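In case you want the letters, here they are:
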Protein chains: 2
Amino acid sequence: MGVKLGILGLGTVGTGTVQLLQDLNGRHPLLREIEIHRVGVRSPQLPRAVELAKNVLSTDLEAIVNDPAVDIVVELIGGLEPARSLILKAIENGKHIVTANKAAIARFGDEIFTAANKAGVYVMLEAAVGGGIPVIQPLKQSLSVNRIHTVTGIVNGTTNYILTRMQTEGSNFSDVLADAQKLGYAEADPTADVDGLDAADKIAILASLAFGGRIKLQDVYSEGIRQVSKTDIAYAEKLGFVIKLLAIAKTLTPSPSSPSSTPPLSLRVHPTLLPKEHPLASINGVYNAILVEGEPLKQVMFFGPGAGAGATASAVSSDILNLVAALKTSTANPNPLLSCAHQDYCQIVPMAELITRFYARFLTKDQPGVIGKLGTCFGTYGVSLESIVQTGFQGELAEIVVVTHDVREGNFRQALAEIHTLEAIDSIPSLLRVL
Amino acid sequence: MGVKLGILGLGTVGTGTVQLLQDLNGRHPLLREIEIHRVGVRSPQLPRAVELAKNVLSTDLEAIVNDPAVDIVVELIGGLEPARSLILKAIENGKHIVTANKAAIARFGDEIFTAANKAGVYVMLEAAVGGGIPVIQPLKQSLSVNRIHTVTGIVNGTTNYILTRMQTEGSNFSDVLADAQKLGYAEADPTADVDGLDAADKIAILASLAFGGRIKLQDVYSEGIRQVSKTDIAYAEKLGFVIKLLAIAKTLTPSPSSPSSTPPLSLRVHPTLLPKEHPLASINGVYNAILVEGEPLKQVMFFGPGAGAGATASAVSSDILNLVAALKTSTANPNPLLSCAHQDYCQIVPMAELITRFYARFLTKDQPGVIGKLGTCFGTYGVSLESIVQTGFQGELAEIVVVTHDVREGNFRQALAEIHTLEAIDSIPSLLRVL
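Residue positions are given per chain, counting from 1 as you read along its sequence in written order. The order in which chains are written sets their letters, starting at A; the order in which ligands are written sets their numbers, starting at 1. It should be noted that, the model being predicted, local features are given only for residues of pLDDT at least 70 and side-chain atom pairs only at 80 or more, the latter also being counted only at that level, while totals for whole chains, interfaces and linings use all residues. Side-chain descriptors were evaluated using all non-hydrogen atoms of the structure, hydrogens and water having been removed beforehand.

(A) Examining the overall build of chain A more closely. Numbering of helices and strands runs from the N terminus, with a helix taken as a DSSP run of H or I at least four residues long and a strand as a DSSP run of E at least two residues long. Within chain A, the regular secondary structure consists of 13 helices and 17 strands. Throughout this description, buried means an accessible area under 20% of the type-specific maximum (1.4 Å probe, protein chains only), exposed means over 50%, and partly exposed covers the range between. Expressed as a percentage of the 435 residues in chain A, the buried residues total 58%. Intrachain contacts of chain A at a sequence separation of at least 6 include 71% that bridge at least 24 residues. Only four residue types enter the tally: Lys and Arg on the positive side, Asp and Glu on the negative side; His and the chain ends are excluded. In plain terms, the charge of a residue is placed at NZ if it is Lys, CZ if Arg, CG if Asp and CD if Glu. Here chain A holds 36 positive side-chain charges and 42 negative ones, and the gap between their average locations is 3 Å. It only takes one pair of heavy atoms within 4.5 Å for two residues to be counted as in contact.

Laid out in structure tokens, this is it:
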């Protein structure tokens, strides 16, 4: 029997999720158990990028969370209300929840998780932090065997985009913000991003999972990037730093004294000077990254697109997949996400068929026309050159380095074999592939 | 009732795992369900860094995999035999498996997983690839909703360490290898690392999970780094590249034509010229990183320590945790790794108590002794300075930038308040924290 979804909201993320679930080739086979039963929208007459049966679309969101056929409610309308009430009603009705709503979880997490535990349902929120980066599940599962002491994140793409451009262009905050708004990287009202509020929501959620305690959002210190000037970015650069908006959760005592207590935390969002060699220092543009540090792991970092329809749909769908696996697991059926699901062998293509760029270094006798002869041989086998450098000499021999455009490896090897026979060629000491 | 482990092997990783499991404060509470029932070793008289009851240690590994009390066998002896036979026997006896043994899984995965599916048990292998980096579980679960087209990894720390040093020092392969062997970063027989065989094992495992098909290890093309010369590294640098040993699994057709078939794969390990701006280009030293690309996610990268007792113990323990959760889950008990396990609030420390470094920029009247006055004020409140720069002028005013050593934020703010009252100080336009 299929697992029935009630999806609330068909904006960017909702549309991306439906597209993913309607196009299953090459994805986890368990997704085939899913049926999009109802999709709640405000304006059913709007043109949509996805096709749904007439009886699937509905404007009555309340009816969806009350529909006895729905197993999982996927809340993608965002904002505080009616999202909070709909989630709570769905939980009361025994439905599992998938949500991308960081604002609601950061504010009403206590109420929502208490209700979920009472009802025996799961609330999944991979999409709430870090877009498509799987970070919520690792924090809840794999990484939780560690005694985590620090979570540091670049979790807001808009501010990271602005700071990156200020740094590379030497521009002012207000100029870059205006341009980012024009390009769609910043909202018309940029407050939530620029003043660090969105990052505060996210670090509250990450800290709660990493340190096993609930967080009052007003306890998160939050400072945005409006005050960061190009002068400071230039000074920071000179001193060996870059400036990033970091969200930080850090224990003050490395190890809790009693097994049940959680350690006191420092919890904050602020622009920070970061040494250039720090793993987070090279995260640029709209990308997000989360660095988790603990014992005995030391450190691990997750990096990826922090927003966007595809990335967020990936996270939402992974939560749905996890729930489907949980619903399908029983003593008779092992969890399909833990066991090996395939028996067939992959078909591996021989190296001769590989299409790649090559780097090759030739030692040649210093004769006129060597480069021309190389070029002719390459041409015969359809190898075109991206660059050719003749700089060094090794004794009597000239050194020529070429980088090719994409070429079939088999063709390139044939060209090399012919080049090897040329009288002017002494040897080909290096042959490397280029990504 | 507790979940009983039979651990095979008490080397570096085995010892790290036992240490983690014997010191549970601050880790996931579910680990308390675990009992270390038996630990199999070759030499019971050796001194050990962990204390175990006399009846726990045993030299009879066969007896451990046959012990009816054991629920999970944790295979940490490495190598092909007797590891393979012990794993198969344990599976036959209905025990779940946790293993860090990439060599055995890459060679006997087909046999092992077929047996596990038949017996209805799980084989977990997070520690086999990427040390402490959670990459196996995300590939099996979160990321599997994507149509993955490429997995690219730096999955061998030894070769990455050697290439990084060759690049930064301009040294020869053989010199760096000899030094790495002396420092313990390379084995006395470096073949498996240096010739790409270890990386081949790992990309075979990653490809199998990413593309949902089994892999014959002999299908993986493998080329090591012995041929990489400092000359090539220098040319690569000049052309905008770094050279990395990459393990690559890539589909040749972006989307499979039929739902059940897996797409043809290119599967290879070789030194590769990588554009400097590529996310993997800045992964240096013994670190590992795995970049996963697919649709609709685009790309996500996992970064962390690829080896070491702590990192590998973290991965092994996370697999054990996942199995304990699976064993404890029933219709009455929801999966404790999916539900929210905590009710208490975290204790958040006020910002005044934060210990951090500060960056501050002052505009001062161009009077003699201003720096001295600043220094005196900072000294009064115990703020010590790491660096002080006076370079710029803004009109009539001199610009002074300071970076402090670690200081209590409250003290720093008091010092600033006093500095504000100094006649020579015009303003303090910037105040930022330094990581």
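That covers the picture; the talk isn't over yet.
(B) Representation of the packing of helix α1 (residues 12-21) of chain A against helix α11 (residues 309-328) of chain A. Residue and element names in this part refer to chain A. Where α1 meets α11, the axes come as close as 8 Å, and the angle between the chain directions of the two elements is 60°. If you check the angle between α1 and α11, you find them oblique. Taken as a pair, α1 and α11 cross one another with a handedness that is right-handed. Mapping the contact onto sequence places Thr 12, Val 13, Gly 16, Thr 17, Leu 20 and Leu 21 in α1 and Ala 309, Thr 312, Ala 313, Ser 314, Val 316, Ser 317 and Ile 320 in α11. Across the contact of α1 with α11, the residue classes tally to seven nonpolar, six polar and no charged. Note on method: axes are straight lines fitted to C-alpha atoms, helices fitted across the in-contact stretch only, with angles between N-to-C directions ranging 0 to 180 degrees. Here is the rule for angles: anything less than 35 degrees is roughly parallel, anything more than 145 is roughly antiparallel, 65 through 115 is roughly perpendicular, and the remaining ranges are oblique. The crossing is said to be left-handed when, going from far helix to near helix, the turn is anticlockwise and less than a right angle, and right-handed when the turn is clockwise. For this scheme, ten residues count as nonpolar: Ala, Val, Leu, Ile, Met, Phe, Trp, Tyr, Cys and Pro. Four count as charged, namely Asp, Glu, Lys and Arg, and the remainder, Gly too, count as polar.

(C) Spatial organisation of the relation of the copies chain A and chain B. With an RMSD of 0.0 Å, the operation that places chain A on chain B is a rotation of 180° combined with a shift of 0.0 Å along the axis. Here the symmetry operator amounts to a two-fold rotation axis. In terms of proximity to the rotation axis, the leading residue of chain A is A:Phe302, whose C-alpha is 2.4 Å off the axis. In this comparison the copies share one frame, found by least squares on the C-alpha atoms of residues holding pLDDT of at least 70 in both.

(D) Highlighting the pairing of strand β17 (residues 425-434) of chain A. The buried fraction of β17(A) amounts to seven of the ten residues, a majority that puts the element mostly inside the structure. Strands pair, by our definition, only if DSSP identifies at least two bridges between them. In this sheet, strand β10 (residues 265-275) of chain B lies alongside β17(A) in parallel orientation, the contact comprising two bridges. In the strand pairing of β10(B), A:Val434 is matched with B:Leu273.

(E) Quick look at the domain arrangement of chain A. What the domain assignment lists for chain A is domain 1 (3-130 + 312-328), domain 2 (136-305) and domain 3 (351-434). These domain boundaries are the output of an automatic or database domain assignment. A C-alpha centroid distance of 56 Å is found between domain 1 of chain A and domain 3 of chain A.

(F) Focus on the interface of chain A and chain B. The interface is formed by 123 residues belonging to chain A together with 123 residues belonging to chain B. Between chain A and chain B, the buried area comes to about 10800 Å², and carbon and sulfur atoms account for 59% of it. Per-residue buried area on chain A facing chain B is highest for A:Leu338, A:Tyr345 and A:Leu435; these three make up 7% of the total on that side. Whenever Lys or Arg places a side-chain nitrogen within 4 Å of a carboxyl oxygen from Asp or Glu, that contact is recorded as a salt bridge. At the boundary of chain A with chain B, the tally comes to eight salt bridges. A salt bridge links B:Asp232 to A:Arg361, with the shortest nitrogen-to-oxygen separation between them at 2.7 Å. N or O atoms closer than or at 3.5 Å make up a polar contact, with two conditions inside protein: a donor-capable atom paired with an acceptor-capable one, and, for residues adjacent in sequence, both atoms drawn from side chains. Linking chain A with chain B are 49 residue pairs in polar contact (both at pLDDT 80 or more). Looking at which element gives the most residues to the side of chain A that touches chain B, the answer is strand β10 (residues 265-275) of chain A, with ten residues. Of the residues in the side of chain A that touches chain B, the class split is 62 nonpolar, 41 polar and 20 charged. Put simply, buried area is the surface a 1.4 Å probe can reach on two separate parts but cannot reach once they are joined, added for both.

(G) Up close: the packing of helix α6 (residues 157-169) of chain A against helix α7 (residues 173-183) of chain A. All names here are of chain A. One way to put it is that α6 packs onto α7 with a least axis distance of 9 Å and a crossing angle of 125°. The pairing of α6 with α7 is recorded here as oblique in orientation. As for the relative orientation of α6 and α7, their crossing is right-handed in sense. Residue-level inspection shows Tyr 161, Ile 162, Arg 165 and Met 166 of α6 in contact with α7, the latter providing Phe 173, Val 176, Leu 177, Asp 179, Ala 180 and Leu 183.

(H) Structural view of the environment of B:Lys230. All names here are of chain B. If you trace the backbone, Lys 230 turns up in helix α10 (residues 230-239). Taking the C-alpha atoms as reference, Lys 230 lies 22 Å from Val 155; in sequence the two are 75 residues apart. In this view, Lys 230 contacts Met 166, Gly 170, Ser 171 and Asn 172; residues no more than four positions away in its chain are not counted.

(I) Spatial organisation of the side chain of B:Arg214. With respect to the helices and strands, B:Arg214 occurs in the loop between α9 (197-211) and β8 (221-222). Look at B:Arg214 and you get buried, because its relative accessible area is 5%. Within the structure, the side chain of B:Arg214 is placed 2.9 Å from the side chain of B:Thr114, a separation counted as a polar contact. In this structure, B:Arg214 is in contact with A:Cys340, A:His342, A:Gln343, A:Asp344, A:Tyr345, A:Cys346, B:Asp110, B:Phe113, B:Thr114, B:Asn117 and B:Ser208, ignoring residues within four places of it in sequence.

(J) How the structure looks around a nonpolar patch on the surface. Two distance rules govern patches: like charges are joined within 9 Å, and nonpolar side chains (Val, Leu, Ile, Met, Phe, Trp, Tyr) within 5 Å, applied only to residues with over 30% relative accessible area and no salt bridge. Only the protein chains shown count as cover for residues, and the accessible areas themselves come from Shrake-Rupley with a 1.4 Å probe. A cluster of nonpolar side chains, namely A:Leu183, A:Tyr185 and A:Val286, defines an oily patch on the protein surface of about 260 Å² accessible area. Along the chain, A:Tyr185 turns up in the loop between α7 and α8 (191-194).

(K) Layout of the nonpolar core. For our purposes a nonpolar core is just a set of buried Ala, Val, Leu, Ile, Met, Phe, Trp, Tyr and Cys residues, chained together by side-chain atoms within 4.5 Å. Core analysis: the biggest nonpolar cluster contains 162 residues, and A:Ile162, A:Leu206, B:Ile162 and B:Leu206 have the highest contact counts within it. Apart from residues lying up to four places away in sequence, A:Leu206 is in contact with A:Val129, A:Val135, A:Ile136, A:Leu139, A:Val151, A:Val155 and A:Ile290.

(L) Examining helix α12 (residues 370-380) of chain B more closely. All names here are of chain B. Restricting attention to buried positions, one finds in α12 the residues Val 370, Leu 374, Cys 377 and Phe 378. Buried residues of α12, viewed axially, fall in a sector of 100°; they line one side. Opposite the packed face of α12, turned more than 90 degrees from it, sit the exposed residues Thr 376 and Thr 380. Directly after α12, the chain includes Gly 382, whose backbone phi takes a positive value near 75°. Throughout, the arc means the angular range of directions from the helix axis out to the C-beta atoms.

(M) Seen up close, the sheet that holds strand β6 (residues 123-124) of chain A. Residue and element names in this part refer to chain A. Strand order across the open sheet formed by six strands is β3-β2-β1-β4-β5-β6, with parallel pairing between neighbours. This sheet does not close on itself; its edge strands, each paired only once, are β3 (57-58) and β6. Sheet topology places strand β4 (residues 72-75) next to strand β5 (residues 96-99); four bridges connect them, and they run parallel. What sits directly across from Glu 75, in β5, is Thr 99. Running over the sheet, helix α3 (residues 83-92) touches β1 (3-8), β4, β5 and β6 and is turned about 155° from β5.

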